[in-house]
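# Fold and geometry: a report
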Amino acid sequence: MTYCVGMRLDAGLVFLSDSRTNAGVDQVGTFRKQTVFEIPGDRMMVMMTAGNLSISQSIRQLVSELIDDAGHTIWTAPSVYDAARILGQAVRQVHERDAKTLADFGIEFNVSIIFGGQVKGERCRLFQIYSAGNFIEAHDENTYFQIGEAKYGKPIIDRVVTPATSLDDAAKCALISMDSTLRSNVSVGLPLDLLVYENNQLAVTHFVTIDDRNEYFQMIRSTWGDQLKSVFEGLEAPVWNAAPETPGTVLHSTHTGGKPVRVTPPAGMAAPKVSSPPLQTLSQQFHDGQQ
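My aim in this report is to walk through the structure given alongside it, one point at a time. (Residues numbered from 1 in each chain as written. Predicted model: local features only at pLDDT ≥ 70, side-chain atom pairs only at ≥ 80, totals over all residues. Heavy atoms only, no water.)

## Quick notes on empty space enclosed by the protein
As a reminder of what qualifies: With a 1 Å grid spanning the protein atoms alone, the term cavity applies to any set of points in which a 1.4 Å probe fits but cannot get out, the term pocket to an open set with protein on both sides within 12 Å along at least five of seven lines, and the term lining residue to any residue with an atom within 4 Å of a point. Grid points are joined across faces, edges and corners, and a volume is the space filled by probe spheres set on the points. Only DSSP runs of H or I with at least four residues qualify as helices, and only runs of E with at least two residues qualify as strands; both kinds are numbered from the N terminus onward. For this classification, the nonpolar set comprises Ala, Val, Leu, Ile, Met, Phe, Trp, Tyr, Cys and Pro, the charged set comprises Asp, Glu, Lys and Arg, and every other residue, Gly included, is treated as polar.
All chains considered together, the criterion is met by one cavity of 30 Å³ or more. As a volume, the largest cavity reaches approximately 60 Å³. Taken together, Arg 32, Lys 33, Gln 34, Thr 35, Met 47, Thr 49, Leu 53, Ser 56, Gln 57 and Arg 60 form the lining of the largest cavity. At the level of elements, β5 (34-39), β6 (43-51) and α1 (53-63) are the ones that each hand at least two residues to the lining of the largest cavity. Ranked by the residues each element gives to the lining of the largest cavity, the list is headed by α1, at four residues. For the lining of the largest cavity, the per-class residue count stands at two nonpolar, five polar and three charged.

Right, here's the structure in full:
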């Protein structure tokens, strides 16, 4: 499995991917999921993949060579949208070639792709491409996409990232999102690839591969965990059975209790009797302890 997140911001784009492909008891695979298609000064585009690795690698090879009906390739497409269409076409061609054979061996055709970048003369764009080759585009209402093990890292992004978020803050948020995923799912693992692209540069602005020795990521992991614990400990404990006039953050009051749903026991069934051991005096307990 894997976890990848891509963000489209007013200031540019952020891409982050892990490199874990499987996490069996005695077999852990590491393959990089992020690929850059770049002609400096003309275009910069990034593809991140999740799902079956053989399918992803076939798509990556095919899309770099594919020519569409208009005679365009990913290297000459007039827009990122057209490049996404070419990538979707590559997905469908790999499906047509391999899906039946994979199904004969009980393997599902499974791939998810985040694809985005900028072509000279247009704005930055970001797409999510599905196994059928169809895709959707990120807009201000939904400024990011996740693929793979997305659920663990989603809450922090929903709370923090907006189109106006700076690239540095978005990168920091992406790393916190990845740390949450790493802590909760063994199928996601280091090293990570982080790419930050600034509007209109038409070349990779910042890129780093992060392993367990990276000082900034280690700071993120320890500080974020400590701060979460501090915030948690600073929250008040729940107040139970409070009088109606009690001020403050009351969880439960005596006039708004509610009752749980209970299952009625069978007729004639009573609680078992619990026999208590006879009481002993201190002298008897001491005497018994000397035996």
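Let's pick the thread back up.
## Examining the packing of helix α4 (residues 167-184) against helix α5 (residues 215-234)
For the record, the criterion: As a rule, the C-alpha atoms of each element are fitted with a line to give its axis, helices using only the stretch in contact, and angles between N-to-C directions run from 0 to 180 degrees. Roughly parallel means an angle under 35 degrees; roughly antiparallel means over 145; roughly perpendicular covers 65 to 115; every other angle is labelled oblique. Should the near helix be turned anticlockwise from the far one by less than a right angle, the crossing is left-handed, and should it be turned clockwise, the crossing is right-handed. Residue contacts are defined here by distance: any two heavy atoms, one from each residue, within 4.5 Å place the two residues in contact.
Close contact between α4 and α5 brings their axes to 10 Å; oriented N to C, the two are set at 70 degrees. As summarised for this structure, α4 and α5 are arranged roughly perpendicular, according to the angle between their axes. Crossing of α4 over α5 shows right-handed handedness. Only Tyr 216, Phe 217, Ile 220, Arg 221 and Trp 224 of α5 make contact with α4, whose side of the interface consists of Lys 172, Leu 175, Ile 176, Asp 179, Ser 180, Leu 182 and Arg 183. Partitioned by chemical class, the residues of the contact of α4 with α5 number seven nonpolar, one polar and four charged.

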